[in-house]
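Below are the chains, spelled out letter by letter.
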Protein chains: 2
Amino acid sequence: MSSFNYTIAIDAMGGENSPGKVIEGLSLFLKEDKEVFFNIFGKETSIVKEISQYKNILPQNYKIINCESQIEDKNSVRDAIKVGKDSSMWKAIESVKNKESHLIISSGNTGALLVISKLLIKMMDGIDKPAIAGLWPNFKGVSVVMDLGANIEFNEKNYVEFSKIGAELYRSIFDKKDPTVALLNVGSEEIKGHEELKNAFNALSKNKNNFNFSGYIEGNHIKDGDVDVIITDGFSGNIALKTAEGTVNFITTEIKKIFSNSFFGKVCYLFSFPLFKKVKQSLDPRKYNGGIFLGLNAPVIKSHGSADSLAFFYSIKLSVKILRGGLVKRIKSNFENE
Amino acid sequence: MSSFNYTIAIDAMGGENSPGKVIEGLSLFLKEDKEVFFNIFGKETSIVKEISQYKNILPQNYKIINCESQIEDKNSVRDAIKVGKDSSMWKAIESVKNKESHLIISSGNTGALLVISKLLIKMMDGIDKPAIAGLWPNFKGVSVVMDLGANIEFNEKNYVEFSKIGAELYRSIFDKKDPTVALLNVGSEEIKGHEELKNAFNALSKNKNNFNFSGYIEGNHIKDGDVDVIITDGFSGNIALKTAEGTVNFITTEIKKIFSNSFFGKVCYLFSFPLFKKVKQSLDPRKYNGGIFLGLNAPVIKSHGSADSLAFFYSIKLSVKILRGGLVKRIKSNFENE
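Below you will find a few notes about this structure. From a predicted model like this one, the values you see are computed outputs, not experimental measurements.

Cut-offs used in this document
- All residue numbers here refer to positions counted from 1 along the written sequence of the relevant chain.
- Each chain gets a letter, beginning with A, and each ligand a number, beginning with 1, in the order they are written.
- Per-residue local features of the predicted model are confined to residues with pLDDT of at least 70, and side-chain atom pairs are confined, for both listing and counting, to 80 or more; whole-chain, interface and lining totals are unaffected and use all residues.
- Hydrogens and waters are ignored; side-chain quantities use all the structure's heavy atoms.
- The angle between two axes is taken between their N-to-C directions and runs from 0 to 180 degrees, where each axis is a line fitted to C-alpha atoms and a helix contributes only its stretch in contact.
- The helix and strand labels rest on DSSP assignments: H or I over at least four residues marks a helix, E over at least two residues marks a strand, and numbering proceeds from the N terminus.
- Angles are sorted into four bins: roughly parallel if under 35 degrees, roughly antiparallel if over 145, roughly perpendicular if 65 to 115, and oblique for all others.
- Left-handed describes a crossing whose near helix is turned anticlockwise from the far helix by less than a right angle; the clockwise case is right-handed.
- Every residue pair with non-hydrogen atoms within 4.5 Å of one another is taken to be in contact.
- Pairing between two strands requires that DSSP report at least two bridges joining them.
- Buried area adds together the accessible area that both of two parts lose upon being put together, with accessible area traced by a 1.4 Å probe.
- By salt bridge we mean one thing: a side-chain nitrogen of Lys or Arg within 4 Å of a carboxyl oxygen of Asp or Glu.
- Any N or O atom pair separated by 3.5 Å or less is treated as a polar contact, with the protein-specific requirement of one donor-capable and one acceptor-capable atom, and with residues adjacent in sequence counted only for side-chain atom pairs.
- When residues are sorted by character, Ala, Val, Leu, Ile, Met, Phe, Trp, Tyr, Cys and Pro go into the nonpolar class, Asp, Glu, Lys and Arg into the charged class, and all the rest, Gly among them, into the polar class.
- For the exposure calls, accessible area comes from a 1.4 Å probe over protein chains only, and a residue counts as buried if that area is under 20% of its type's maximum, exposed if over 50%, partly exposed in between.

Another point: the packing of helix H8 (residues 234-260) of chain A against helix H8 (residues 234-260) of chain B. Between H8(A) and H8(B), the shortest axis-to-axis distance is 8 Å and the interhelical angle comes to 40°. Our classification of the angle between H8(A) and H8(B) gives oblique. Both H8(A) and H8(B) take part in a crossing whose hand is right-handed. Residues Phe235(A), Ser236(A), Ile239(A), Ala240(A), Thr243(A), Ala244(A), Thr247(A), Val248(A), Ile251(A) and Ile255(A) of H8(A) touch H8(B), and the partners they reach there are Phe235(B), Ser236(B), Ile239(B), Ala240(B), Thr243(B), Ala244(B), Thr247(B), Val248(B), Ile251(B) and Ile255(B).

Okay, here's the thing in structure tokens:
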């Protein structure tokens, strides 16, 4: 690796408008922080062309590894594994496996990224399945919610494992000693929920955890910010996330419609523009961009396929926080201490 | 029953600020529509006192049935069944059983309402379990989403049954001949989701339905309004609903905070007040108040416990729509035709 402490592998080819947005995101990051090295995987000619547009991307911060092919969003996971070995995604993951990078970021095909990562980087000892964690804004800051869709079927062990892993993720990003962890349920009473969830509740109540287990939480309280880490199965977690995204879009569109439907409304909007800009900034989903695959021997960051350069910049920031916070070491020591 | 075509049983004692809000909601309804009769169950002295405040609640529209006790929100379902036989909720449900009312509305204890309704009114032939349906605003109008929490465990038969029932509910409320029905899932591809859901997808694809089966829908597309009825298990449905509620609250609070944080913001708000009022009206959750318990031999409407008089008014409106739309007959003929 380079002389810097941290090296990140970037799959520059996945998602919309790549590699343009990826390189622009990298340039934004390097304006803030120059102490990270990047292995950039993808079509060299395109990447060189993009980099030439940004004076602040200097040779000491990156290396390009030319990859002729790329895994497309439309590829099935099976096809991706079969023919993807020369792709930018595969090579980027491989560089983590070969200890040439500490972490990989990709905005490509989620399923392929998950399966190839599991294949090459492997699960940590003692952990059954990978989970996808995400950041969720709330009144007091940000929560971690997981699993957001990696595991449709969930058992008691998964809830307990992911509670520990989620707490470590929160610690590594936000530097809080004793995060609170809760299980997402349809009520806060002990008797509610399905069997696996109730068993997990009992196990976590009895366990000596190195986090504060605060019981159940309902969907309408995620926003309160009283709980740092919210654990749920991948089916419910994905539905909660997508429904919240849809609701944000619904409300902001309704507001726009009402303000743009009349001359008076347009004047009001113009007058209030700086405030609406503030609202937009405070709700900007790009700030929370990046699904974090956990449980593998190295973190894998999935940037949203439709994310732009600013969103990609936030993914890089998150990745570096995770590395500096020592996430993998934290999780490992947690599971070794059992 | 009365000389009117429809008689509704009202449990006047459940939820916050009862019976005041219930009677005020009734008064609001009777301003619009006088062709419905109400059996009002609860403490007679309190109800008479409340009614005396509204000149438009006339004797031909109601009868009070005095009930000395009431089921509290804090009561367990078991206690409610054991000691609740003299309660306003029990008596109101009983009046439906005895064919003295066509439908019951209550803002009391959800669990007790569900279990006592099942006990007294009984399930329709051919239907296994009751489901809770709700109205969900979207860009084009309103969708029906169910189950919102009655059934934590869900099998293939439930999905298929509830698709039919949901379509009939939509028909009875919105008078649309061929509503579209979709299953809530974590992706739109056929291979996604758990086994029960995939089996239901296959069954609904092969069945000759009297609705348009449109496959899977993801949480972020509920708002689009392209699907009339969205079917999901009670666990995911409750989490989706609560998360959406929390998200609405989060966004509107953020907007208020930003506009009230400065003198300039307050001036902007004052200037734009009529528009913000319009936004508030368009998103007002009270308009969608009322969980509808389906699958029983009569509809049971659960008004939100914290709902106010306007919300209760919307519950009554919804109830009358359901009765006029002939929901129970529609569902019955559907299941008899099998």
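Next, the rest of the story.
All names here are of chain B. One open sheet holds the 11 strands; their spatial order is S3-S2-S1-S4-S11-S10-S5-S6-S9-S7-S8, and the pairing between them is mixed. Two strands in the sheet have a free side with no partner beyond their single neighbour: strand S3 (62-66) and strand S8 (212-217). Along the sheet, successive strands turn relative to each other by an average axial angle of 25°, direction set aside. Here strand S2 (residues 36-42) pairs with S3 via five bridges, running parallel. Looking at the pairing, Asn39 lines up with Lys63 of S3.

Our focus in this paragraph is the interface of chain B and chain A. With 53 residues of chain B at the contact, the number on the chain A side is 53 residues. Regarding the contact of chain B and chain A, the summed buried area is about 4700 Å², with carbon and sulfur atoms giving 80% of it. Together, Phe235(B), Phe250(B) and Leu275(B) form the three largest contributors to the area buried by chain B at its contact with chain A, with a combined 13%. Our count for the contact surface shared by chain B and chain A stands at two salt bridges. For Glu218(A), the salt bridge identified is with Lys242(B), shortest N-O distance 2.2 Å. Between chain B and chain A we count six residue pairs in polar contact (both at pLDDT 80 or more) in total. Counting residues per element, the ones that place at least two in the side of chain B that touches chain A are strand S5 (131-138), helix H7 (195-206), H8, helix H9 (263-271) and helix H10 (273-283) of chain B. Considering only residue class, the side of chain B that touches chain A consists of 27 nonpolar, 17 polar and nine charged.

Before going further, it helps to examine the pairing of strand S10 (residues 291-294) of chain B. Residue and element names in this part refer to chain B. On S10, burial covers both faces: Gly291 and Phe293 on one face and Ile292 and Leu294 on the other are all buried. Sheet topology places S5 next to S10; three bridges connect them, and they run antiparallel. Across the sheet, Ile132 pairs through a bridge with Phe293, a residue of S10. Bridge count between S10 and strand S11 (residues 300-302): three bridges; the pairing is antiparallel. Each bridged residue has a counterpart across the sheet, and for Phe293 the counterpart in S11 is Val300. In sequence, S10 turns back onto S11 through a hairpin of five residues, with Gly295 there showing a positive phi of about 105°.

Attention shifts here to the sheet that holds strand S3 (residues 62-66) of chain A. Residue and element names in this part refer to chain A. Overall, mixed pairing links the 11 strands, which are arranged S3-S2-S1-S4-S11-S10-S5-S6-S9-S7-S8 in an open sheet. In the strand order of this sheet, the two ends are held by S3 and strand S8 (212-217), each with one partner. Shown here is a sheet whose adjacent strand axes are inclined to one another by a mean of 25°, direction ignored. Strands in contact with helix H1 (residues 20-32) are strand S1 (6-11) and strand S2 (36-42); relative to S2, the strand with the most contacts, it is inclined by about 175°.

Residues and elements named next belong to chain A. This structure, assessed with the given rule, holds 30 salt bridges over all chains. As a salt-bridge pair, Lys157 and Asp128 come within 3.1 Å of each other at their nearest N and O atoms. Of this pair, Lys157 sits in helix H6 (residues 156-174) while Asp128 is found in the loop between helix H5 (110-120) and strand S5 (131-138), placing the two residues 29 residues apart along the sequence. Relative accessible area serves as the criterion here: at 41%, Lys157 is assigned to the partly exposed category.

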